[in-house]
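In case you want the letters, here they are:
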Amino acid sequence: MPEKSATGKRIVLTSDSTMMSSYHGGVLLGFAAIMPKSVMPDWIFRSLFCPSAPAGADGSAEIAPCGMRKVEAALLESGFSRDDVMVAHPDSLDRAIGKETKIVGITHDDPLGKIAVRELEEIIGRGPPHNRSKFLALLGHPIIQEHRPRIVVGGNGAWELMGEDVGVDHIYLGEAESDFPEVCRQILAGEEVPHVIRGRAVPGDRIPVNRGATIAGIVEIGRGCWRGCSFCSPTLRTIRHRPLENILEDARVNLAEGQKDILLHSEDVFTYGSSGMRPNEEKVLRMVSAVKGLGPRTIDVSHLSLATVHEGQDLLRRVSEVVGIGSDQEYMSAWIGIETGSCRILEMHMPRKALPGKTGNWPEIVRDCYSLFAEESWLPVASLVLGLPAEKAEDVMKTIDLVESLKDYTGLILPLFFTPMAGTGLGDLKGFDRDRALPEHWQLVGLCLEYNLRHLKKLHRLYSERMTAGPLVHAALTGVNLMADLVLNKYLKRMKRGEPPN
Ligand code: SF4
C-alpha cells in the first residue's frame, strides 16, 4: 500500500488509467478503453492494452496527457508553486491528496464513453465501457470521498458531463491557460464559482511549454480549425499556431524524459503557419526538419485534413523525405476525417471540408489521398460519421461505395454514430442510435469492420516499430487479433446483410 500523504497538494491534476497510459506505445490500443469489462476483463485490459504509466517516487505521473501538462504549466506560470500543484498518478492518489487538497482537476477526452465508437456498446450490449467505469471509479475513489476536494473536469470530453449527475462540481469547457488559474484562486479563496466554466482561447504564443513528458510524445503545434463542420467542437476556436521555439522546447522536454517518438498535434498539421486554405510549405518543412534535428526515433502527425493533403501533395512527399520514411522509420500515421461519401451531406454539414477543392469532388479527393498515402507509406486512420441529420439511404450507399473503393489500402476506418456535442451547431439534437439505423448503416458498419479486421494484422506489425511491449504481449495481441476475427465474424455477416448485429 502506498504511504498516505499527511497533507496533500492544494491542487491535484489527474485522470483515470484509460487516460494515463501510453498503451505500450501503440496509441491504437487505446480503443480497448471502449470495450466493456464483461467482454475484456480488467486484467487483460491492463496487461495487454492499458499498462499503467510509470509513477515517480512521490506518486507523480511521469507521463501525462498533453492537455494536463498544459494546465500544469499554466498554473506554474501564473504563480502557483510545485508545493501547490502536482500531476498525480491515478494509482498513487493517496500520496497526492490529503487534508490540504482543495481541487482535483481531471482531464478527460471521453469520460462517459459518448464519443469513441459509441455503437460498440450498443452492438455488444454487455455493459459500460472501461473508460466510463474507470472515470466513475475515480470520482468515487476513497481518498477523494474522504477529503471531498472540488472536482473540476476539463479536456475535450468535458462537455459529456453537461446535465449528468455524477458528482462533478465544475465542468470546464474550452482552454485552460486563460482562466483556470484564476478559477483555482477563487475556489481556494472560498468564492462562488459557476458549475459550468467557459475558458477563453489564448493566442498561439501563450500556449505554455510543458514541464513534463506527454503520453505518446504529443507535442502541440497549434489549435483550432477554420473548416467549421456543424458537429465538431474545434470549429468553435480560431486557428492559431505556436512559435517554432516553443514546439521544439516541448519536444526537447519529452526526449529528455526518455520519450523516443514525437507526435505533432493540431487539427490539421499541414496548416502550420498558414491561416488560409493553402499550406505554407516552407513553414511546415522548417518545423518538421527542426523536430527531426532533435533526434526522435519516429515522428508522426495526429490529424490531417484530406483537402489540405490534396492541395499540397508535394508537401506530403517532402515531409516523408525529411522524416526519413523507408530509412529511419517504416511509415507515418495520421488521423483523417472522411466522414461521408455523399457530397449532399458534405454540402449540408461540412461546406468547407473540401476547400480549396470542390465539394462535388469529395470522393475523388479521398481516393487521390489514399493513393498518395499508399505511395508514401502513410497509414490513415479515418473516421466516418453515421446518421447526420437528413442522411438518407442513398447517402449511406455513396459512403459504402467510397469505402469499397479504398479496401485495398492499409489503414483503419472507424464508423462513428453522430453524437451531438454541447455547444456545437447540432448540439441540441438527439444523437444517432441503433433504433434509427437503416439497413445501409449496418452494411456500412459491417464493411468497416471487415476492412479493419483485414488490415489489423499488418497494422500490428507496422506499429511494433513504436511499441514498448515485450514478445509475450505481442504474441498475446496476435491471439486477440485471431479471436476478434472469430468472434466478430458472426456480427459482421449479419451487418453486411443489412441486419442489426444482435
Ligand atoms: S475539418 Fe475536422 S477539425 Fe475541422 S471542423 Fe471539420 S471535423 Fe472539425
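It should be emphasised that the depicted structure is a prediction, and the values quoted were computed from it without experimental measurement. (Residues numbered from 1 in each chain as written. Predicted model: local features only at pLDDT ≥ 70, side-chain atom pairs only at ≥ 80, totals over all residues.)

**Brief notes about the overall build of the chain**
A count of helices and strands for the chain gives 16 helices and 17 strands. The C-alpha radius of gyration of the chain comes to 22 Å, within 12% of the 23 Å expected for a compact globule of 502 residues. When its C-alpha atoms are laid out on the principal axes, the chain stretches across 60 × 50 × 50 Å. Counting only residues that meet the buried cut, the chain has 48% of its 502 residues in that class. If you take every contact in the chain between residues at least 6 apart in sequence, the share linking residues at least 24 apart comes to 80%. (Helix = DSSP H or I, 4+ residues; strand = E, 2+ residues; numbered from the N terminus. Rg over C-alpha atoms; globule rule 2.2 N^0.38 Å. Buried ≥ 20, exposed ≤ 12 C-beta atoms within 10 Å, placed from the backbone. Contact = placed C-beta atoms within 7 Å.)

**Structural notes on the pairing of strand 6 (residues 170-174)**
The element strand 6 is extensively covered by neighbouring structure, given that five of its five residues are classed as buried. Two elements, strand 5 (residues 150-154) and strand 6, share two bridges in a ladder whose sense is parallel. Bridged to valine 152 within strand 6 is histidine 170. Alignment of strand 6 against strand 7 (residues 196-199), held across four bridges, turns out to be parallel. Looking at the pairing, glycine 174 lines up with glycine 199 of strand 7. Considered for its hand, the β-α-β crossover made up of strand 6, helix 7 (residues 176-188) and strand 7 is left-handed. (Pairing = 2+ DSSP bridges. Right-handed = clockwise from strand over helix to strand, strands pointing away.)

**Concerning the site of the ligand**
Near the ligand there are twelve residues, and of these Cys225, Arg227, Cys229, Cys232 and Glu267 occur at the shortest range. Taken together, the residues of the shell around the ligand break down into five nonpolar, four polar and three charged. (Near = placed C-beta within 6 Å. Nonpolar A, V, L, I, M, F, W, Y, C, P; charged D, E, K, R; others polar.)

**Section: the sheet that holds strand 16 (residues 378-386)**
As a general point, the strands of a sheet are linked pairwise by backbone hydrogen bonds and lie either parallel or antiparallel. Sheet architecture is open: four strands sit in the order 14-15-16-17, paired in parallel fashion. The strands lining the two open edges of the sheet, one partner per strand, are strand 14 (303-304) and strand 17 (412-417). Relative to strand 16, strand 15 (residues 332-339) runs parallel, the two sharing seven bridges. If you follow alanine 334 over to strand 16, its bridge partner there is proline 380. Docked against the sheet, helix 15 (residues 439-463) engages strand 16 and strand 17, running at close to 145° with respect to strand 17. (Axes fitted to C-alpha atoms, helices over the stretch in contact; angles between N-to-C directions.)

**Some thoughts on the sheet that holds strand 4 (residues 103-107)**
Taken together, the six strands give an open sheet; going across it, the order is 3-1-4-5-6-7, and neighbouring strands pair in parallel fashion. Here the strands that pair on one side only, and so sit at the sheet edges, are strand 3 (85-87) and strand 7. If you compare each strand with its neighbour and ignore which way they point, the axes differ by 20° on average. Lying over the sheet, helix 7 contacts strand 1 (11-14), strand 4, strand 5, strand 6 and strand 7, oriented at roughly 140° with respect to strand 7.

**Description of helix 11 (residues 313-323)**
What helix 11 keeps buried is the set Leu315, Leu316, Val319, Ser320 and Val323. Angularly, the buried residues of helix 11 cover 140° about the axis, an arc narrow enough to put them on a single face. The inward-facing, buried residues of helix 11 abut helix 9 (281-293), strand 13 (298-301), helix 10 (306-311), strand 15 and helix 13 (362-375). After helix 11 finishes, the residue glycine 324 shows a positive phi value of roughly 90°. (Arc of directions from axis to C-beta.)

**Some points on the nonpolar core**
Nonpolar side chains tend toward joint burial in soluble globular proteins. In terms of nonpolar packing, the biggest core is built from 117 residues, with Leu13, Tyr172 and Leu264 touching the most fellow members. Ranked by residue count, the leading element in this core is helix 15, at nine residues. Setting aside residues no more than four positions away along its own chain, leucine 264 makes contact with Val219, Ile221, Val269, Val291, Ile299, Val301 and Ser302. Ranked by size, the runner-up nonpolar core spans twelve residues in total, among them Ala32, Met35, Phe45 and Phe49. (Core = buried A, V, L, I, M, F, W, Y, C linked by C-beta atoms within 7 Å.)

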